[in-house]
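Below are the chains, spelled out letter by letter.
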Amino acid sequence: DAGVTQSPTHLIKTRGQQVTLRCSPKSGHDTVSWYQQALGQGPQFIFQYYEEEERQRGNFPDRFSGHQFPNYSSELNVNALLLGDSALYLCASSRGQGGGELFFGEGSRLTVL
Amino acid sequence: DAKTTQPPSMDCAEGRAANLPCNHSTISGNEYVYWYRQIHSQGPQYIIHGLKNNETNEMASLIITEDRKSSTLILPHATLRDTAVYYCIVRVAGKAAGNKLTFGGGTRVLVKP
């Protein structure tokens, strides 16, 4: 049973560029959340998708957007990259909304130069 | 979500029990206590959660005080693979809460041979 898979694992971008990160949830899960983890800090909630709609959002600017597909997979898009966007981006999935037991992927490490 | 306070770091001897404290003095009656851990370069991993009764699973035990203002995560026989950052998180359950987890600084646990 595959867990949460994310791609790419590492990528390097320059300021002003755009990036798309991808996530496939654990089998049987229909809800996907995205988190940003800066070096040395705990993960910060970006947003959550359920039934292809953004259901909850953390304190992140509109440059951060997402999408969920009918197969429950998800994408995180970040536009106009800033140096401060350098971080580990984590995807988490669950069955339904509201539960606190999330399954996390290994993350995508983004470096912005 | 109620705020949690954890010691920034602690050491533990391999094979001994590791007792990780967490203070959540402002916890509300409908808030659960969740524990996650994050091993270096991996995504967070769910460990256990509870409301007011003590809980045990194959990974750990969770002891919540009667007034629910603090809790202790117990790893009964720590191994080197338990070296990680452990996060104590307090949150309500239910659809309205979504999948948002508020991570604090956590406790960096080092298991020594």
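Each value, and the rule that gives it
- Residues numbered from 1 in each chain as written.
- Chains lettered and ligands numbered in written order.
- Predicted model: local features only at pLDDT ≥ 70, side-chain atom pairs only at ≥ 80, totals over all residues.
- Heavy atoms only, no water.
- Core = buried A, V, L, I, M, F, W, Y, C linked by side-chain atoms within 4.5 Å.
- Buried < 20%, exposed > 50% of the residue type's maximum accessible area, 1.4 Å probe, protein only.
- Helix = DSSP H or I, 4+ residues; strand = E, 2+ residues; numbered from the N terminus.
- Pairing = 2+ DSSP bridges.
- Axes fitted to C-alpha atoms, helices over the stretch in contact; angles between N-to-C directions.
- Disulfide = S-S within 2.5 Å.

Here the focus is the nonpolar core. The biggest cluster of nonpolar side chains holds 22 residues, and the ones touching the most others in it are B:L20, B:V33, B:W35, B:I47, B:L73 and B:Y86. Only β1 (9-13), β2 (18-23), β3 (31-38), β4 (45-50), β6 (61-64), β7 (70-75), β8 (84-92) and β9 (107-112) of chain B provide two or more residues apiece to this core. In terms of nonpolar packing, the next biggest core, distinct from the first, is built from 20 residues, A:V19, A:V32, A:F64 and A:L110 among them.

What follows covers the sheet that holds β1(B). Residues and elements named next belong to chain B. Across the sheet, five strands lie side by side as β1-β9-β8-β3-β4; this open sheet has mixed pairing. Each edge of the open sheet is held by one strand with a lone partner, namely β1 and β4. Neighbour-to-neighbour, the strand axes of this sheet turn through a mean angle of 25°, independent of strand direction. In terms of strand pairing, β1 meets β9 through five bridges, oriented parallel. Among the inter-strand pairings, S9 is bridged to a residue of β9, identified as R108.

Moving on: the state of the cysteines. As enumerated under the stated definition, the model contains two disulfides over all chains in all. Shown here is the disulfide that connects A:C23 with A:C91, its sulfur atoms set 1.8 Å apart. Across the S-S bond linking A:C23 and A:C91, the dihedral sits near -65°, which makes this disulfide left-handed. One end of the pair, A:C23, is in strand β3 (residues 19-24); the other, A:C91, is in strand β9 (residues 87-94), with 68 residues separating them in the sequence. Across this residue pair, the class does not change: A:C23 and A:C91 are buried. One disulfide in the model links B:C22 with B:C88; its S-S distance is 2.1 Å. Residues B:C22 and B:C88 are joined by a disulfide whose S-S torsion is about -80°; by sign, that bridge is left-handed. Linking B:C22 in strand β2 with B:C88 in strand β8, this pair joins segments that are 66 residues apart in sequence. B:C88 shares its class with B:C22; the two are buried. Of all cysteine sulfurs in the structure, the one in B:C22 sits closest to B:C12, which takes part in no disulfide; the separation is 18 Å. Taking relative accessible area as the criterion, B:C12 reaches 8% and is therefore assigned buried.

With that settled, the discussion passes to the sheet that holds β3(A). Residue and element names in this part refer to chain A. Taken in spatial order, the four strands make up an open sheet running β1-β3-β8-β7, and their pairing is antiparallel. Both outer strands of the open sheet, β1 (5-7) and β7 (64-68), are each paired with one neighbouring strand and no more. If you compare each strand with its neighbour and ignore which way they point, the axes differ by 20° on average. Pairing of β1 with β3, which is carried by three bridges, proceeds in the antiparallel orientation. Looking at β3, one finds that Q6 is bridged to C23.

Interpretation note: all reported values are geometric properties and have no functional meaning in isolation.
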